[in-house]
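What the coordinates show
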Amino acid sequence: MFRFLFRLAAMVALAIAVIMAVLDATRTVAASHLVMTPLKVSWSAVSPDTLARTEAFVREKAGAVAWDQVIDKALDLPGFVLFAALAFLLYAIGYRRQRRAGNFAVNA
């Protein structure tokens, strides 16, 4: 059950990554130069209130250094890169290896 939820979350993250990549590709073609939108810019355009609340929460619970040194730097990366990495990580957690029966080493 949990593997299914991780794979489902990976599929959603991958869909978001593809959408963000298509948006950046469209902007790149329109501007005639490479455009990669940081996740912080996309997040603040969609919901600036939640970005501010998340920043306040992290600063309160983990300290200002955690926000300034780690999370703020990560949010400066392109959104499609972060969501693709998240999709890979979630899929790797939810991946179930196939067990093969009868694969024994044979001495010839």
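Relevant structure appears above.
I will try to describe carefully the structure that is included in this document. (Residues numbered from 1 in each chain as written. Predicted model: local features only at pLDDT ≥ 70, side-chain atom pairs only at ≥ 80, totals over all residues. Heavy atoms only, no water.)

A closer look at helix H3 (residues 48-61)
As a reminder, the rule being used: Only runs of H or I of at least four residues qualify as helices and only runs of E of at least two qualify as strands under DSSP, and these elements are numbered from the N terminus. Expected helix span is computed as 1.5 Å times (number of residues minus one).
Compared with the 20 Å implied by 1.5 Å per residue over 14 residues, the 20 Å span of H3 between its first and last C-alpha is a close match. Phi turns positive one or two residues past the end of H3, at Gly63, with a value near 100 degrees.

Observations concerning the environment of Thr50
What counts, and what does not: N or O atoms within 3.5 Å of each other form a polar contact, as long as, within protein, one can give a hydrogen and the other can take it, and as long as residues adjacent in sequence are counted only when both atoms are side-chain atoms.
Residue position: Thr50 is located in helix H3. A distance of 2.9 Å separates the side chain of Thr50 from the side chain of Ser47, its partner in a polar contact.

Things to note about a positive patch on the surface
As a reminder, the rule being used: What goes into a patch is any residue over 30% in relative accessible area without a salt bridge, connected to like charges within 9 Å or, for nonpolar side chains (Val, Leu, Ile, Met, Phe, Trp, Tyr), within 5 Å. Areas reported here follow the Shrake-Rupley algorithm with a probe of radius 1.4 Å; residue values treat only the protein chains shown as occluding. Should a side-chain nitrogen of Lys or Arg be within 4 Å of a carboxyl oxygen of Asp or Glu, the pair is scored as a salt bridge. Two residue types count as positive, namely Lys and Arg, and two as negative, namely Asp and Glu; His and chain ends fall outside the count. Think of each charge as sitting on NZ of Lys, CZ of Arg, CG of Asp or CD of Glu. For the exposure calls, accessible area comes from a 1.4 Å probe over protein chains only, and a residue counts as buried if that area is under 20% of its type's maximum, exposed if over 50%, partly exposed in between.
A cluster of basic side chains, namely Arg3, Arg7, Arg96 and Arg99, defines a positive patch on the protein surface. Assignment of secondary structure puts Arg99 in the segment after helix H5 (79-94). On the basis of relative accessible area, Arg99 is assigned to the exposed category, the value being 83%.

Quick word on the packing of aromatic side chains
Note on aromatic pairs: each is described by the distance of the centres and the angle between the planes. The test is simple: Pairing of aromatic side chains here covers Phe, Tyr and the six-membered ring of Trp, requires ring centres within 6.5 Å, and sorts the geometry by plane angle: under 30 degrees stacked, over 60 edge-to-face, intermediate tilted.
In this structure the tally under the stated criterion is one aromatic pair. When the centroid spacing of 5.9 Å and the interplanar angle of 50 degrees are considered together, the rings of Tyr91 and Tyr95 count as tilted. A residue is classified by how much of its surface remains accessible, and Tyr91, at 42% relative accessible area, is partly exposed.

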